[in-house]
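Architecture and fold: a report
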Amino acid sequence: MTSYIDYLESLSRKQLMVMLARQRQEQSQGIAVVGMGCRLPGGLDDAGSLRTALREGRVLATEAAGVPSDSLGRPRWNLGAPDLAPLADRLRQGAYLSDVDLFDAAYFGIPEQEALHMDPQQRLLLEVTVQALADAGLSRERLRRSSVGVFAGAGPVEYPYAWLRGGLPDGGLSPHMSTGSSPSAFSGRIALALGVAGPAITVDTASSSMLTAVHLAVQALRRRECDVALVGIANLLLSPFSTGILDRAGMLSPSGRSRPFTRRADGHVRAEGCGVVVLERYADAVSAGRLPYALVRGSAVHAQGDRPSMSVASARGQKAVIERALRDAGVSPADVQYVEAQANGSRLGGQIEAESIAEAYERFSPDAPPLHIGSVKANIGYLETASGGPGLMKTALALAHAELPPQPGADDLDPDIPWQRTGLRLAAAPLPWPAQDVRRAGVSGFGFCGTNAHVVLESAPESGAGEPDLPGPWLLLLSGHNEPALAGTARRLLHRLRESTDWSPAAVSRTLAETRDHLAVRYASVVHDRAGLLRDLARVADGDRTAVLAPPDGAERTLLLSRLARRHLAGDPPDLAALWPEDGPRPPLLRLPGPALTGRRFWPDHHDWT
């Protein structure tokens, strides 16, 4: 310490000010959300489908969902079993995922016996992480050259109940049950599967877990403990008895719907799902050509211990965590235009939170500037431990597109929330973002054991795109870890490109060559126009992977691409410098679907919850 003080005393006033300014810049720099992946109820399996559903104001019919089924069409629970029959009505209400017994163990190099004993929440996190990395334009090979942090939220692990419900299977206990059912494996499993090095941390703060993990990831990026951070969480409702416990506690909605901030709010409906985001320092993202959805400007985690009991919401605690996050972001409360609330459907909880938001964001006046609030739980149910995932993604997408999605229930406002005395509002229809320049929003997550988290997001600066198009021909490189995966990857790309016109063959070529892992089963072709690219994708999607190389017309670029295509088919990595010289123009990178995964069934068939 003495030597450091001596060093500081040796600096001039100007040198000291520059050093402190740099430190402040490091500690407060924006953290970019560069990639997203999700698997949510209602078939929402990427950021685009989530935004479309929210913009259209879709609400899942959770009140009559029925029992979820597996890949064989069998119900997850036998509601005729004597101990499940009393729970039948509640178990039929929910927002569930189907086919959670499927997993592509081969893609991750996981032995079948180990995969069988892995908690499906771990499996889901792995597969959605692959999707998020593709959305960010980051390959595993590139990640292994960086320091990568993994920050995972974890909640109840209920898979062992399925294993032991009918007694031990014939094979008895397995050593894989230890890591397969440990919450600490949520982060470690991702780091191992990707082969990356850096901090790997699992947190459980109940419904604030995702935002708490984001808070830790942002700190690690600012301290340069890692260069990229993967933050994710999953929630699956595998045991029927946890639903019975929450019903006994009076938390669940008798009507089977989450209706936050409305007159008819009567509790929450349970939901499943997974969300993963990829974070990176903004300067690094821009340097790499990645376009962020939004920036994390600040965050905070706070627990208010002086409350009557464990599950009682603390208005003071909610207000405190928001104020701390705003200070961390260096943002005035009046400069925030939207808050994605924790509100899960509890009427009293929504009233407490609405007033806390109004106080913390200084909107407790009828003359205050409008502050829109909302909660994605009204659309897809309450993902409980994983609920921060879709809330964060919804808000980042709204910032990216400068549009507030409608909030279901805006026509049935809770009369006990002081709407007329505050600036709080619900959007009844898609609205242009209220701010014209910098857009800002807050996201809340409140754990039922008292740990609250709040994240302040900001719109990313507008960035000029690369060349809209470059003269062809272009190289189309595809791969998969097996034949069905290659065909599935081509099918996913074909679907995305057919439904969009905002792409060029040059941009598709660069994205697939530069941001994808090049796996064992490969395809290559030289394409000359958009129609040709779509035609080749359709062929591969139908199972034909015969390479289509350009005829020897003598053109230098045609000969180069044909040679590179043959090298790709022989197993060589792409020569990016030959494709896109450093000193030449480059097309922009695109957000394209990642590799298709080919799931197999991994489930304890000796049990059927009877």
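Preceding this section is the structure that the text describes.
Everything numeric in this text was worked out from a predicted model, so none of it was measured. (Residues numbered from 1 in each chain as written. Predicted model: local features only at pLDDT ≥ 70, side-chain atom pairs only at ≥ 80, totals over all residues. Heavy atoms only, no water.)

**Focus: the overall build of the chain**
- Across its full length, the chain carries 23 helices and 17 strands.
- In terms of overall size, the chain behaves like a compact globule, its C-alpha atoms giving a radius of gyration of 25 Å where 610 residues would be expected to give roughly 25 Å.
- With the C-alpha coordinates aligned to their principal axes, the bounding extent of the chain is approximately 80 × 75 × 55 Å.
- Within the chain, the fraction of its 610 residues that count as buried is 57%.
- Here the contacts in the chain between residues at least 6 apart in sequence split such that 80% fall between residues at least 24 apart.
- Surface exposure of the chain reaches about 24900 Å², of which carbon and sulfur atoms provide 53%. (Helix = DSSP H or I, 4+ residues; strand = E, 2+ residues; numbered from the N terminus. Rg over C-alpha atoms; globule rule 2.2 N^0.38 Å. Buried < 20%, exposed > 50% of the residue type's maximum accessible area, 1.4 Å probe, protein only. Contact = heavy atoms within 4.5 Å. Areas by Shrake-Rupley, 256 points an atom, 1.4 Å probe, with all protein chains shown as cover.)

**Observations concerning the sheet that holds strand E11 (residues 424–425)**
- Ordered by their spatial adjacency, eleven strands build an open sheet running E4-E3-E5-E6-E1-E7-E14-E13-E8-E9-E11, and the pairing between neighbours is mixed. Strand pairing shows two members of the sheet lacking a second neighbour, strand E4 (200–203) and E11, which therefore form its edges.
- The pairing of strand E9 (residues 371–374) with E11 spans two bridges and is parallel. Bridged to Leu371 within E11 is Leu424.
- Packed onto the sheet, helix H11 (residues 185–194) meets strand E3 (148–153), E4 and strand E5 (228–235) and runs at close to 145° relative to E3. (Pairing = 2+ DSSP bridges. Axes fitted to C-alpha atoms, helices over the stretch in contact; angles between N-to-C directions.)

**Regarding the side chain of Ser444**
- Relative to the elements of secondary structure, Ser444 occurs in strand E13 (residues 440–446).
- Beyond its immediate sequence surroundings of up to four residues, Ser444 is in contact with Leu211, Ile322, Glu340, Ala341, Gln342, Glu353, Ala453 and His454.

**Description of the packing of helix H19 (residues 483–498) against helix H21 (residues 530–541)**
- Look at H19 against H21: their axes get within 7 Å of each other, and the N-to-C directions meet at 145°. The crossing of H19 and H21 is left-handed. Listed contacts from H21 to Leu486, Ala487, Ala490, Arg491, Leu493, Leu494, Leu497 and Arg498 of H19 are Leu533, Leu534, Leu537, Ala538, Val540 and Ala541.
- When grouped by side-chain class, the residues that make up the contact of H19 with H21 number twelve nonpolar, no polar and two charged. (Left-handed = near helix turned anticlockwise from the far one by under 90°. Nonpolar A, V, L, I, M, F, W, Y, C, P; charged D, E, K, R; others polar.)

**Points about the pairing of strand E6 (residues 273–281)**
- Counting buried residues in E6 gives nine out of nine residues, a clear majority hidden from the surface.
- Here strand E1 (residues 31–39) pairs with E6 via eight bridges, running antiparallel. Across the sheet, residue Met36 finds its bridge partner in E6, namely Val277.

**Focus on the pattern of salt bridges**
- Within this structure, the stated rule accounts for 36 salt bridges.
- Across the pair Arg601 and Asp70 runs a salt bridge whose closest N-O atoms are separated by 3.1 Å. Separated by 531 residues along the polypeptide, Arg601 in strand E17 (residues 600–601) and Asp70 in the loop between helix H3 (47–55) and helix H4 (88–91) bring together distant segments of the chain.
- Owing to a relative accessible area of 13%, Asp70 belongs among the buried residues under this scheme.
- A salt bridge links Arg264 to Asp412; the nearest nitrogen and oxygen atoms lie 3.5 Å apart. (Salt bridge = Lys/Arg side-chain N within 4 Å of Asp/Glu carboxyl O.)

**Description of helix H18 (residues 388–401)**
- The first and last C-alpha atoms of H18 sit 20 Å apart over 14 residues, in line with the 20 Å expected at 1.5 Å per residue.
- Burial analysis of H18 places twelve of its 14 residues in the buried class, which makes it a mostly covered element.
- Listing the buried residues of H18 in full gives Gly388, Gly389, Pro390, Gly391, Leu392, Met393, Lys394, Thr395, Ala396, Leu397, Ala398 and Leu399. (Expected span 1.5 Å × (residues − 1).)

**Quick notes on the environment of Leu477**
- By secondary structure assignment, the location of Leu477 is in strand E15 (residues 474–480).
- In the structure, Leu477 is positioned 225 residues away from Leu252 in sequence and 50 Å away in space, judged by C-alpha atoms.
- With sequence-adjacent residues up to four places away left out, Leu477 is seen in contact with Leu512, Ala513, His518, Tyr523, Ala524, His568 and Pro574.

**Thoughts on the packing of helix H12 (residues 209–222) against H18**
- In contact at an axis separation of 7 Å, H12 and H18 are set at 65° when each is read in the N-to-C sense. Of the residues in H18, those touching H12 at Met210, Leu211 and Val214 are Gly388, Gly389 and Leu392.

**Re the packing of aromatic side chains**
- Counting across every chain of the model gives six aromatic pairs.
- Considering the side-chain rings of Phe103 and Phe602, the 6.4 Å spacing of their centres and the 65° angle between planes classify their relative orientation as edge-to-face. Residue Phe103 is located in strand E2 (residues 102–103), and its partner Phe602 is located in the segment after E17; the two are separated by 499 residues in the primary sequence.
- Phe103 gets classed as buried once you look at its relative accessible area, which sits at 1%.
- According to the relative accessible area criterion, Phe602 is buried, its value standing at 5%.
- Seen from their ring centres, Tyr159 and Trp603 are 5.4 Å apart, and the 55° between their planes marks the pair as tilted. With Tyr159 in helix H9 (residues 159–164) and Trp603 in the segment after E17, the pair connects residues that are 444 residues apart, well separated along the chain. Neither Tyr159 nor Trp603 differs from the other in exposure class; each is buried.
- Three or more aromatic residues joined by ring pairs make a cluster, and in this case those are Phe103, Tyr107, Phe108 and Phe602. (Phe/Tyr/Trp six-rings, centres within 6.5 Å; stacked < 30°, edge-to-face > 60°.)

**Brief notes about the environment of Gly381**
- Of note, Gly381 is situated in the loop between helix H17 (377–380) and H18.
- By relative accessible area, which is 4% here, Gly381 ends up buried.
- Separated by 118 residues in the primary sequence, Gly381 and Arg263 place their C-alpha atoms 17 Å from one another.
- Filtering out sequence-adjacent residues up to four positions away, Gly381 remains in contact with Ser258, Val269, Ala271 and Val376.

**A closer look at the side chain of Glu384**
- The residue Glu384 is located in the loop between H17 and H18 in this model.
- In contact with Glu384, not counting residues within four places along its chain, are Ser207, Asn235, Leu237, Leu246, His268 and Arg270.

**Here we look at the state of the cysteines**
- Across all of its chains, the model carries zero disulfides by this definition.
- Summary of cysteine pairing: Cys226 is not part of a disulfide, and the nearest cysteine sulfur, belonging to Cys274, is at 19 Å. (Disulfide = S-S within 2.5 Å.)

**Side note on unusual backbone geometry**
- Positive phi values are uncommon outside glycine, yet Phe261 reaches one of about 65°.
- Along the polypeptide, Phe261 turns up in the loop between helix H13 (240–248) and E6.
- Using a relative accessible area of 1% as the deciding quantity, one classes Phe261 as buried.
- Even without being glycine, Glu362 reaches a positive phi, approximately 55°.
- Counting through the fold element by element, Glu362 comes out in the loop between helix H16 (347–360) and E9.
- The exposure class of Glu362 is exposed, given its relative accessible area of 56%.

**As for the environment of Met210**
- Secondary-structure assignment places Met210 in helix H12.
- Take Met210: its relative accessible area is 0%, and that puts it in the buried class.
- Look past the residues within four positions of Met210 in its chain and what remains in contact with it is Val231, Gly232, Ile233, Gly275, Val277, Thr385, Gly388, Gly389 and Leu392.

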